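# Breakdown of the fold
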Amino acid sequence: MDNLKIILFICNWGPHAAFQTLLDSGADIPAEVRMIRIPCTGSMSKSLLFRAFEMGADGVALVGCEPGSCRYGSGTEVAERNVEDTRGILDLLGLGGDRLRQAMFLPEESGALLAFLQDFHQVIQTIGKSPVIPAQPQAASPIQQDAAAQVMREHDIFACQDCGKCASACPVALAGKAFSPRAMAGAILAGNFESPAVIRDVWSCLTCGLCHDRCPSDVDFPEFIRDMRILQKMAGKEGCEAHEGFFQSYMRAMTSPGLQIRHWDWLPADIRTDPASKTLFFGGCAPYFDTYFKAHLGIQTRDILVDGLRLLNFFDIHPALLAGERCCGHDLLWSGDRENFLKLARLNVAAIEAAGIEEVVTACPECYRTLAHDYPAQGVGYSFRVTHLFDLAEQEISKGAIGFEKLDRALTFQDPCCLSRLEGRPELPRKLLSRLNPHAFTEMQDRGASALCCGNCAWTGCDSFTKALQVKRLRQAKATGSDLLVTACPKCQIHLRCAMEDPFVGNEIEMELMDLTSILARTIRWE
């Protein structure tokens, strides 16, 4: 296990013929190289490339055909984009993009292929072993009656009156999916924990909280779903993770203590921070989102972090930053991986406490909920307090002498589920919206505690029904006559922007998106 582990993904066509020539001739291929034959380099998604690193690879080489000779047409070009984006993720994690390399060879270029492999081996020897500690798979066992009963008791599923108000409000069900929180609860109460229908429905739920909001018995379906996912994962059931589980994969890699993460290296030079500050700004995963989606959606959720810091600077707050900031773990917990969530939570709390932080401020509603509620609820205590940036901004603005420049835009607002329902504070962003000076502000048909989810949570369950929900939400936004849809969560931006890429209705629903944090930071002024 002390030896280097270098994975060679090689195209089945031209490059493999060159590699076979090396084998036949007894060429000096580095012993640490392990070859995996693939149909085309274009089939190696970002998730598959990164999964090798999550599983302990020290280096990965992707070797395919020369441009123009790919049997599948665009495989080489697709591979180039995937490698570039994955290298960006590796740089953010502190692993280094040089651990991943792409090359192209013709069948007769066995000598050049050998030189490439020997050079790459030397590069990986210089970099050294990866600090990622692969997660050890646990033996799966069927869901036990006692464990399921405990989850049902904790979330009072026995109080379900079978009234159907949850199903009648569920946005997934209203989008046409055969899904009912009531029916799922009934099946689980009957002991059908591992039936195909229950497994499907546990992963269909958006955990948006509308059912909990409407339930006359106050049954907390979102947290019940979360804990049933945990039981299913322990039983070896695969979840329905979007993007082939890429985001869960890099979050699991973050549980390795030896990673020298470079979360803030990209930050503009004019942002003022103070390592000695007792206030910490916790950014979240926006840098990873932007790197992953840049070629497809062109999103810029990092702007939320920059503008959040500029807003703090406006209030004369120069916060500390954790150079090695890790994900809060929200998506791991809500996709059933409690074990790795707890590893991340403990690493985060240890780093924050070691920095002497008294207050953690975050602009992300999922980070806020996770730090403020899920950490203590899951047994990870701490001594600092957690504040949402909107609370801090409202407090500072209320002191007076602050106004906002005229904004010649007509606004509408997309509520983030974690703030509007799960946190029960739909009024907080609206206080700030009311302070702005726009051309107009018009609410959508479904708003506040009744707002429609953006269609995804914890990168699970993305399908045609959630896409239909996103299209419905964007049509509601367009119906207000607004030209700017204000969001308050980076994932809302990503999922709604993705819906606008629809080749059939994209032109009908396309509109500009901007986070409320950015609008505040870019229009605030002293009076």
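## A few points about the overall build of the chain
Looking only at helices and strands, the chain features 24 helices and 13 strands. Residue burial in the chain is summarised as follows: out of 527 residues, 58% are buried. Contacts spanning at least 24 positions in sequence make up 81% of the contacts within the chain whose residues lie at least 6 apart. Taken as a whole, the chain presents about 20,900 Å² of accessible surface, with 50% of it coming from carbon and sulfur.

## A look at helix α20 (residues 427–435)
For α20, the full list of buried residues reads L428, P429, R430, L432 and L433. Considering only its buried residues, α20 is in contact with α18 (389–397), β9 (406–413), α19 (417–420), β10 (437–441), β11 (484–487) and α24 (516–523).

## Regarding the pattern of salt bridges
For side chains bearing opposite charge, pairing can occur when the charged atoms are close. One pass over the structure, following the stated rule, counts 35 salt bridges. Here R101 ties to D119 by a salt bridge, and the two come within 2.7 Å at their closest N and O atoms. Of this pair, R101 sits in strand β4 (residues 100–104) while D119 sits in helix α4 (residues 110–127), and the two are 18 residues apart along the sequence. By relative accessible area, D119 is classed as partly exposed at 41%. One salt bridge in this structure joins E427 and R425, with 3.8 Å as the shortest N-O distance. On the basis of relative accessible area, E427 is assigned to the partly exposed category, the value being 35%. When its relative accessible area of 22% is taken as the criterion, R425 is described as partly exposed. Where salt bridges share partners, they join E223, R226, D227, R369 and D374 into one cluster.

## Some remarks on the packing of helix α2 (residues 46–54) against helix α12 (residues 246–253)
Remark: α2 packs on α12, axes separated minimally by 9 Å, with the N-to-C direction vectors making an angle of 20°. When the axis of α2 is compared with that of α12, the two are roughly parallel. Pair α2 / α12 crosses with left-handed handedness. Facing α2, whose interface residues are K46, S47, F50, R51 and E54, α12 presents F246, S249, Y250, R252 and A253. Tallied by class, residues from the contact of α2 with α12 come to 4 nonpolar, 2 polar and 4 charged.

## Observations regarding the sheet that holds strand β3 (residues 59–64)
An order of β2-β1-β3-β4 is seen for the 4 strands of this open sheet, with the pairing classed as parallel. The open sheet has two edge strands with one neighbour each: β2 (33–38) and β4. With strand direction ignored, the average angle separating the axes of adjacent strands in the sheet is 20°. In terms of strand pairing, strand β1 (residues 6–11) meets β3 through 5 bridges, oriented parallel. Counted as the bridge partner of I6 is G59 from β3.

Calculation notes
Residues numbered from 1 in each chain as written. Predicted model: local features only at pLDDT ≥ 70, side-chain atom pairs only at ≥ 80, totals over all residues. Heavy atoms only, no water. Helix = DSSP H or I, 4+ residues; strand = E, 2+ residues; numbered from the N terminus. Buried < 20%, exposed > 50% of the residue type's maximum accessible area, 1.4 Å probe, protein only. Contact = heavy atoms within 4.5 Å. Areas by Shrake-Rupley, 256 points an atom, 1.4 Å probe, with all protein chains shown as cover. Salt bridge = Lys/Arg side-chain N within 4 Å of Asp/Glu carboxyl O. Axes fitted to C-alpha atoms, helices over the stretch in contact; angles between N-to-C directions. Parallel < 35°, antiparallel > 145°, perpendicular 65-115°, else oblique. Left-handed = near helix turned anticlockwise from the far one by under 90°. Nonpolar A, V, L, I, M, F, W, Y, C, P; charged D, E, K, R; others polar. Pairing = 2+ DSSP bridges.

On their own, these measurements won't tell you what the molecule is for.
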